[in-house]
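Here is how the chains run, residue by residue.
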There are 2 protein chains.
Amino acid sequence: MPEKTNSFIPLKSVKIQDTFFTPVQRVVMDTMIPYQEKALHDEIPDIKKSHVIHNLRIAAGDEEGKYYGRVFQDSDLAKWLEAVAYSLTLKPDPELEKRADDIIDLIGRAQQPDGYLNSYFTAAEPEHRWQNLTDCHEMYCAGHMTEAAVAYYQATGKRKFLDICCRLCDHIDRRFGKGKITGIPGHEEIELALMRLYRVTGEERYLKLAMYFIDERGQDPEFFHKEAAARSWSRTDYMDKMPPSYMQNHAPVREQKTVEGHAVRCMYLLTAAADIAAVTDDKALMDACRTMWDNMVDRRMYITGGIGSTAYGEAFTVDYDLPNDTAYAETCAAVGVCFFARKMLEAEPQSRYADIMERALYNGTISGMQLDGTKFFYINQLEANPDLPSTAYGEEEYTPQRIGWYDCACCPPNLARLMTSLGTYAWSSGRNIIYSHLFIGGTAKFDEAGGVEISLETRYPWEGEVLYTVKPSEPGAEFTLAVRHPGWCDSMEIKINGEPVDEKAVIKDGYLMLQRKWQPGDRVSCRMAMPVRRVYANPMVRADVGCVALMRGPVVYAFEGIDNGEALQTLRIPRDAEIKALPYDPDLLRGVVVLEVAGRRKNEMKDLYAGAPAGEEEVTLKAIPYYAWCNRGMTHMRVWMPE
Amino acid sequence: MPEKTNSFIPLKSVKIQDTFFTPVQRVVMDTMIPYQEKALHDEIPDIKKSHVIHNLRIAAGDEEGKYYGRVFQDSDLAKWLEAVAYSLTLKPDPELEKRADDIIDLIGRAQQPDGYLNSYFTAAEPEHRWQNLTDCHEMYCAGHMTEAAVAYYQATGKRKFLDICCRLCDHIDRRFGKGKITGIPGHEEIELALMRLYRVTGEERYLKLAMYFIDERGQDPEFFHKEAAARSWSRTDYMDKMPPSYMQNHAPVREQKTVEGHAVRCMYLLTAAADIAAVTDDKALMDACRTMWDNMVDRRMYITGGIGSTAYGEAFTVDYDLPNDTAYAETCAAVGVCFFARKMLEAEPQSRYADIMERALYNGTISGMQLDGTKFFYINQLEANPDLPSTAYGEEEYTPQRIGWYDCACCPPNLARLMTSLGTYAWSSGRNIIYSHLFIGGTAKFDEAGGVEISLETRYPWEGEVLYTVKPSEPGAEFTLAVRHPGWCDSMEIKINGEPVDEKAVIKDGYLMLQRKWQPGDRVSCRMAMPVRRVYANPMVRADVGCVALMRGPVVYAFEGIDNGEALQTLRIPRDAEIKALPYDPDLLRGVVVLEVAGRRKNEMKDLYAGAPAGEEEVTLKAIPYYAWCNRGMTHMRVWMPE
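Model, not experiment: these values are computed from the prediction.

J.: Which parts of the structure should I look at to understand the overall build of chain A?
T.: A tally of helices and strands in chain A yields 17 helices and 24 strands. Considered along the principal axes of its C-alpha atoms, chain A spans approximately 75 × 70 × 50 Å. Taking all 643 residues of chain A together, 65% fall into the buried category. Measuring between centres, the 74 positive side-chain charges of chain A sit 2 Å from its 94 negative side-chain charges.

If you want it as structure tokens, here you go:
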């Protein structure tokens, strides 16, 4: 296995103690993971039934019964197990581990002698397995099982689940590939999972299989339609109607220039592609990843880090099409942005990747969960109009209220696994450089320079001060601490042991490269100015014309009807309006900094159309962080406000 | 039959010779009616097949075969026949009349011995007739046949079609009503048709049946769902899922306060309701009509006179929800606005009704047809973004290009019958008052005061001068000429034989009541100032915040990409921008006045989000009348422009 020049450090090497994320992790571990466990067991009344465990028991022969739900219900369990693995790393819990072990035993019983593992086909249509790669998601489920197995092995050292998934991936490897059956999954995921399996096992065949899936994609744009035509049965005729780009199959991956189709699939594909490109030093593939990253970030991403502009296909549409009210911006897609960014950062540490990862982490991912961890958004709109019937948009999902569970419950466990593994997104190292990508409080341990421990103290994102304390095992060890200079920050002062550092002299690719012989207790203090920033969208974005959004640090703000009156479009923020960041309020929305804006409200008008615009009055407006919206009942919300 | 105080005069009493509408009528008669005739006979290649004549032949037993198309294909034929009737009134055409007679003979052969007439059920499901009033549209088709029959009788004096429809309506009358079977149609239309039949035959039973349908509607909101539950077969499960308000069945009509549901149905209902209320002096019903009119006009109508904010159910949504890009604004619904307005004007002549009728006639109705009469819009958006995939809105119908025919081809023949009968919308009279509601050039004859002929000369809407020449049969006959003062007009000068009239002294309900003893050759000249007007929407309309629309006279303007560059949202019209109306250009778009605006264009920006708004440059913008948009290829279009 070639040595990577830069890798994120393992979860067990990081301890998070953070003003912002520790409460999130606590909610995930104390509430979401138990809640989701109950959901998987159908023990929560009044929410959509999951039947996940029940389905698995049927597949295992433990129970009689009928499979229920989507064909990919297994993946919900897998993502939950992955979150459990991370949770056990953060906080041992023998009872939880015992229950997870029992479920893993059950998974083992559901596995077929040839290694095949899928509740749906085993329980319901064994004769049809591997005949509908388009939308039956066998490889998608296998990928999630494999990710969970790797995480569980890393957390507990237990091999059983890992062995199950090795047999599963070996089964896939025996079936698909060059000189075998030609096939690629309709929903990418197996590719990135195989890369994780490759790393933990060192088995090259998993890397090769991942490479095969990347290489084969787009070679025959009609592959999925041909597959559908060859089938005499169908579970759905929806996916068959989708264009090849829905599955990123419109062109070979190395030739793709734009992010297309189903946004989650696209992110999972690019996460694997960036990983493979780095591991195999595949320049063409890395170029494609970079080109698609730029297309996504420069033309197809919401200010929250959300992606996917339409519910139709949960997909990207075209450049600059970023409607706010009908934004799709699926929680899973924003999670996928973090995966992709993390792999790009490993491949080439540049702060622009971390900037976007941070944007998604503080905004468009965690907006998917209620602060108490019991309700979830699948869609993350940037404008909510609960006065409209859900049918006004043609999609019931646009009802702007988080709900307890989804028929397609991909998002809640995806958030759970992201938040519990957050430690693996903050720090990377390699070749004697330690990168601090995110300002998340806690400590981290590195193998560099004979061993280093760094602690980070901050009240970020509410305040801009960050203090690093460096403890090399060997006093005077020489290495570089690379501290990210966020793209949003105009002014960052940095001092080492109180001595100012000339930022311009040490900045490279958006990181302050602090190279020296470090002594135990050396302190690096950063002070980022945190004014409220007015942000404007590119004029090509139709939805945001004439509007302004407010940010402070990485946090995007939103205006809710509950604070400002429901007719939010009658408000505006004049260009010279005074905007104040109020002191941190620990009692509001789990602790937030609120913005107070000297705005205007248009007066009421009787006529529908008139020869003069409505008059205005002065009004004090209040903005809260976007991620915390919709935690005080259903209400109107806008991120982009008329200016 | 009680005498109406005020009635629109018959088509044969009006001769239109108008700068604006004569070319439209010519296109309808020379192109649309022949084109639609061919479409009904399936003689046009490359458009959706209609099968209308074919279906009727099967029903008549003239041919073997299978019924094809929607259950309401008969209505397309009926609306075409109605347009033919008006066309024959405007311009005799013995060959066309012969072909119409042949089709009427065919309709006669398709009628069943008991009077029942409906191609679909006769040809395909005779055992199921009258079992699905919800969405099988037997009464809707019967209504359109009846309207056509009345028009054909009035045009030709031939009774055959009228007799067929009397038998048809008698069949319905024998079946439905108090003490008979309880039932109302899912799609209103029969009600207003029965009123026309009542007028032409004098038979009270048709009035009573129309009243029954109005009275019964909303008595049992679950009527349609119960009907569906009682059925063991179904043609569609779409309508059954709709709420009662979709069919205006959520409350008794007299208790309804807002326009709800399918916009065309609502207009047809209210057209009949207003007519019945006037004829029967039903104050509660008239109050309901007035309340719903106000709700529609003050809260639920596009500036173009279009109605219906969502494709889902082709329906109204809630107050002030008027999205521009996903506007439905079906052509038929704007046509229905004219029907409703006309009946309100008969009931209580107030210029506000004529203002809206005019708004629809010059904008949201005729936008439904290409200038050459061969292609049609079903949906009339106020913002077109052809760069978006049609799936971005979830509705393929939003593709912003007129097409040759529709699977559901209700709109083209509806426009044809409106435009050929336009003479019956301009003038009403009664009780010695002659109302001039619309400024359409030509002559009109009235029975008032012993007989009066009035000619109207104008280049309206391009110029604001209107000249009436009055010719009473009896010199010195005393009557009132009531000239509408349009709501859009701030300054209207009026002179009789060159002598100024004090407008304030004679205005009543928005009409200048010019009462005198008229001599042959008396001339009334009006001069309306026609500046370009900036129009602002009520701030409650989210879609139009920060935007301005331009109007001149009754004409709404639009900006097309072909004139201004495709990224229309990057343009703006500063509040103090100079706007010029250019001289009438007879060679552009069949003759229009173009507006030239000193606007601004935002500069290109690289980043998707930035800390400062884009810079701007000065640019000359060009606006064309909205109705004429999309006649020079597919292009972007906006009515509401950032200010």
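J.: Sorry, what's going on with the side chain of Arg533(A) here?
T.: Residue and element names in this part refer to chain A. Tracing the sequence through the fold places Arg 533 in strand β15 (residues 532–537). No salt bridge forms around the buried Arg 533; measuring N to O, its nearest opposite-charge neighbour Asp 490 is 6.6 Å away. With residues near it in sequence (within four places) discarded, Arg 533 still touches Trp 488, Ala 549, Leu 550, Met 551, Arg 552 and Gly 553.

J.: Even after reading the chapter, I still don't get the interface of chain A and chain B, so can you show me in this structure?
T.: Accessible area lost during the coming together of the parts is what is often quoted as the interface size. With 52 residues of chain A at the interface, the matching set in chain B holds 51 residues. Of the roughly 4,000 Å² buried where chain A meets chain B, counting both sides, 60% is carbon and sulfur surface. When the area that chain A buries against chain B is broken down by residue, the three leading residues are Arg542(A), Leu608(A) and Tyr609(A), summing to 21%. Between chain A and chain B we count 21 residue pairs in polar contact (both at pLDDT 80 or more) in total. Looking at the side of chain A that touches chain B, the elements that each hand over two or more residues are α12 (283–299), β15 and β21 (609–610) of chain A. When residues of the side of chain A that touches chain B are assigned to their parent elements, the largest contribution, 4 residues, is made by β15(A). Looking at side-chain class alone, the side of chain A that touches chain B contains 28 nonpolar, 10 polar and 14 charged residues. Note: β15(A) against strand β21 (residues 609–610) of chain B, 2 bridges, orientation antiparallel. From the neighbouring strand, Ala537(A) faces β21(B), where its bridge partner is Tyr609(B).

J.: Even after reading the chapter, I still don't get helix α2 (residues 52–60) of chain A, so can you show me in this structure?
T.: All names here are of chain A. The buried fraction of α2 amounts to 7 of the 9 residues, a majority that puts the element mostly inside the structure. Of the positions making up α2, those classed as buried are Val 52, Ile 53, Asn 55, Leu 56, Ile 58, Ala 59 and Ala 60. Following α2 by one or two positions, Gly 61 has its phi on the positive side, about 80°.

J.: I would appreciate a short explanation of helix α1 (residues 21–40) of chain B in the present structure.
T.: Side chains of residues three or four places apart in an α-helix project in the same direction, reflecting 3.6 residues per turn. Residue and element names in this part refer to chain B. If you look at α1, its biggest bend is around 35°, right at Val 28. A large share of α1 lies buried, amounting to 14 of its 20 residues. Positive phi shows up at Asp 42, right after α1, with a value of about 60°.

J.: Sorry if this is basic, but what is going on with the pattern of salt bridges here?
T.: Where charged atoms of side chains with opposite charge meet at close range, the side chains can pair. Considering all chains together, one arrives at 102 salt bridges over all chains under this definition. Arg632(B) is the partner of Asp563(B) in a salt bridge, and the nearest nitrogen-oxygen pair spans 2.8 Å. Here Asp563(B) is found in helix α17 (residues 561–564), whereas its partner Arg632(B) is found in the loop between β22 (616–625) and β23 (637–638), with 69 residues between them in sequence. By relative accessible area, Asp563(B) is classed as partly exposed at 22%. Among the charged side chains, a salt-bridge network with shared partners connects Glu82(A), Glu147(A), Arg196(A) and Arg417(A).

J.: What is the right way to read the relation of the copies chain A and chain B from this model?
T.: What relates the pair of chain copies is a rotation about an axis plus a shift along that axis. Once chain A is rotated about the relating axis by 180° and shifted along it by 0.0 Å, it coincides with chain B to within an RMSD of 0.0 Å. These values place the two chain copies in the arrangement generated by a two-fold rotation axis. Mapped onto chain B, 98% of the interface residues of chain A again fall at the interface, so both copies present the same surface.

Definitions and cut-offs
- Residues numbered from 1 in each chain as written.
- Chains lettered and ligands numbered in written order.
- Predicted model: local features only at pLDDT ≥ 70, side-chain atom pairs only at ≥ 80, totals over all residues.
- Heavy atoms only, no water.
- Helix = DSSP H or I, 4+ residues; strand = E, 2+ residues; numbered from the N terminus.
- Buried < 20%, exposed > 50% of the residue type's maximum accessible area, 1.4 Å probe, protein only.
- Lys, Arg positive; Asp, Glu negative; His and termini not counted.
- Charge placed at Lys NZ, Arg CZ, Asp CG, Glu CD.
- Salt bridge = Lys/Arg side-chain N within 4 Å of Asp/Glu carboxyl O.
- Contact = heavy atoms within 4.5 Å.
- Buried area = accessible area lost by both parts, 1.4 Å probe.
- Polar contact = N/O pair within 3.5 Å; in protein donor to acceptor, adjacent residues only side chain to side chain.
- Nonpolar A, V, L, I, M, F, W, Y, C, P; charged D, E, K, R; others polar.
- Pairing = 2+ DSSP bridges.
- Bend = angle between axes of the 7 residues up to and from the residue.
- Least-squares fit on C-alpha atoms with pLDDT ≥ 70 in both.

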